[in-house]
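# Results of the structural survey
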Amino acid sequence: MSIDFEIHPNPQPVSDIERAALLTDPGFGRVFTDHMVTVRYAEGKGWYDARVEARGPIAIDPASAVLHYAQEIFEGLKAYHAADGSITMFRPDANAARFRRSAERMAMAQLPEELFLGSLDALVRLDRQWIPTDEGGSLYLRPFMYASEVFLGVKPSSEYLYVVIASPVGAYFKGGVKPVALWVSQEYTRAAPGGTGAAKCGGNYAASLSAQAEASEHGCDQVVFLDGVERRYVDELGGMNVFFVYDDGTLVTPALTGTILPGITRDSVITLARDQGLTVVERPYSFDEWKADAASGRLREAFACGTAAVITPIGRVAWPDGEFTMTGGEVTERLRGELVDIQRGRVADRHGWVHRVS
Ligand SMILES: *Cc1c(COP(=O)(O)O)cnc(C)c1O
């Protein structure tokens, strides 16, 4: 499907001086570029009115379906300045495919993958000056789509708005990688069999915020969610997948059983670990097993992974009845180093993961 994007450059872009100031310490998700992409969909008409224009507020009717029934999905990926001077994105085709799967689960129109990829290229090309050049910096891209039909009935919307915004972000860990402290929630779960755990939808995040608040109250950075049936097996964090590294070089990660978001970082880590000769096992992994193997020393390292922080070692693990502390290690560091080197174009892209924009 080929749709051309109408380009309407922002008549009042941020000045070079102001942009340079914003890029010195952008943090995460606070600074935005000059442009955004919008594409509309209507049943019977298909995708239309694809444009890149000045970023700004979107008028929304108070009866728009998304405001009432949360039919909304999103993606997250990054654009980089590669070592050879080109601009690249990491596995955007995988995000395009996942966006379609999320749409399918939420009974939304499925954006053609070509249109998804074309929208990212168009935005990144126009806002290329916003890509941080410092080590660790990148342009975070946030494609999302919501039900825009003006109707209060409960049914799949017949109209959607697809949008992409972009946000320059700094290195996730300033001054080196720092282990995350995790709170193992006993009260809250994030996904149930048959639910929306494998879809990247805003609703999953809304449901995770109370648990996240509980984690913060206990001095932890992130929540570990256990399975929604027995509350025994580790699913994932609010927005990151988890891996466990054993003393014999085996990696264990919870299997994708429908309640876990299939992370693209997770998938990349599995591939890179196997390339390095490590064994990766995808299976149910209980919290009891985690505690016992951390205590015995068989479990050497654990890490969380996702686009924003890439790979983060897990440090303290706490729950209402206790806590233990893990330390990062070589395997985590080697995987992180290799993944970042591929993303930044410093080593050969042997899996064809790097997409060149320019
Ligand atoms: C996005 C997300 C991840 C990580 O996925 P990546 O593709 O690696 O960024 C993990 N868990 C949840 C719940 C997510 O929404």
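Quick notes on the rules
- Counting starts from 1 at the beginning of each chain's written sequence and moves along it residue by residue.
- pLDDT decides what is reported in this predicted model: residues at 70 or higher carry local features, side-chain atom pairs at 80 or more are listed and counted, and totals for whole chains, interfaces and linings draw on all residues regardless.
- The side-chain quantities take in all heavy atoms of the structure and omit both hydrogens and water.
- UniProt positions are given in the numbering used here, feature names are shortened, and annotations may be inferred rather than shown by experiment.
- Bear in mind that the domain bounds are from an automatic or database domain assignment.
- Here, two residues are considered to be in contact whenever any of their heavy atoms come within 4.5 Å of each other.
- We define buried area as the total accessible area lost by two parts upon association, computed with a 1.4 Å probe and summed across both.
- Any Lys or Arg side-chain nitrogen found within 4 Å of a carboxyl oxygen on Asp or Glu counts as a salt bridge.
- Summary of the burial criterion: residues with accessible area below 20% of their type's maximum are buried, those above 50% are exposed, and those between are partly exposed, where the area comes from a 1.4 Å probe applied to protein chains only.
- The helix count covers DSSP runs of H or I at least four residues long, the strand count covers runs of E at least two residues long, and both are numbered beginning at the N terminus.
- Two strands qualify as a pair provided that DSSP identifies no fewer than 2 bridges between them.
- Note on handedness: a clockwise path from strand one over the helix to strand two, with the strands aimed away from the viewer, defines a right-handed crossover.
- Within this scheme a cavity is a closed region of a 1 Å grid, computed over the protein atoms alone, that accommodates a 1.4 Å probe without allowing it to escape, whereas a pocket is open but has protein on both sides within 12 Å along at least five of seven lines; lining residues each have an atom within 4 Å of a point.
- Grid points are joined across faces, edges and corners, and a volume is the space filled by probe spheres set on the points.
- All residues other than Ala, Val, Leu, Ile, Met, Phe, Trp, Tyr, Cys, Pro, Asp, Glu, Lys and Arg, Gly among them, are scored as polar; the first ten of these are nonpolar and the last four charged.

Going by an unreviewed UniProt entry, the protein carries the name Branched-chain-amino-acid aminotransferase and comes from Rugosimonospora africana. Listed under Sequence similarities (unreviewed entry) in UniProt, the entry text for the protein is "Belongs to the class-IV pyridoxal-phosphate-dependent aminotransferase family." Heading Cofactor (unreviewed entry) of the UniProt record for the protein holds this comment: "pyridoxal 5'-phosphate".

Each domain of the protein was delimited in the assignment, giving domain 1 (6–169) and domain 2 (180–343). Here the C-alpha centroids of domain 1 and domain 2 sit 27 Å apart. Counting residues at the interface gives 20 residues for domain 1, matched by 19 residues for domain 2. Of the roughly 1,600 Å² buried where domain 1 meets domain 2, counting both sides, 60% is carbon and sulfur surface. It is Phe74, Phe90 and Arg98 that lose the most area in domain 1 upon contact with domain 2, and together they represent 36% of the buried surface on that side. Where domain 1 packs against domain 2, one counts one salt bridge. Ionic pairing is found between Asp267 and Arg91, a salt bridge with its closest N-O pair at 3.0 Å.

Once that is clear, we can look at the pairing of strand E9 (residues 180–184). Burial runs high along E9: five of the five residues are buried. The two faces of E9 match: Val180, Leu182 and Val184 on one face and Ala181 and Trp183 on the other face are all buried. With three bridges joining them, E9 and strand E10 (residues 222–226) adopt parallel strand pairing. From the neighbouring strand, Leu182 faces E10, where its bridge partner is Gln222. Handedness of the crossover joining E9 and E10 through helix H5 (residues 202–217): right-handed.

Next up on the list: the layout of surface pockets. The calculated volume of the largest pocket comes to roughly 620 Å³. Lining of the largest pocket is provided by 34 residues; of these, Lys200, Tyr205, Gly239, Met240 and Ala308 occupy positions nearest its centre. Going through the elements one at a time, strand E7 (138–147), H5, E10, helix H6 (264–275) and strand E15 (299–306) are the ones with two or more residues in the lining of the largest pocket. Sorting elements by how many residues they give to the lining of the largest pocket places H5 first, with five residues. Per-domain counts for the lining of the largest pocket show at least three residues from each of domain 1 (6–169) and domain 2 (180–343). Of all the elements in the fold, those that place two or more residues in the lining of the second largest pocket are strand E5 (77–81) and helix H8 (330–343). Each residue belonging to the lining of the second largest pocket can be placed in one class, and the counts come to nine nonpolar, five polar and four charged.

Our next topic: the environment of Val331. Its location among the elements puts Val331 in helix H8. When the C-alpha positions of Val331 and Tyr246 are compared, they lie 9.7 Å apart, and in sequence the two are 85 residues distant.

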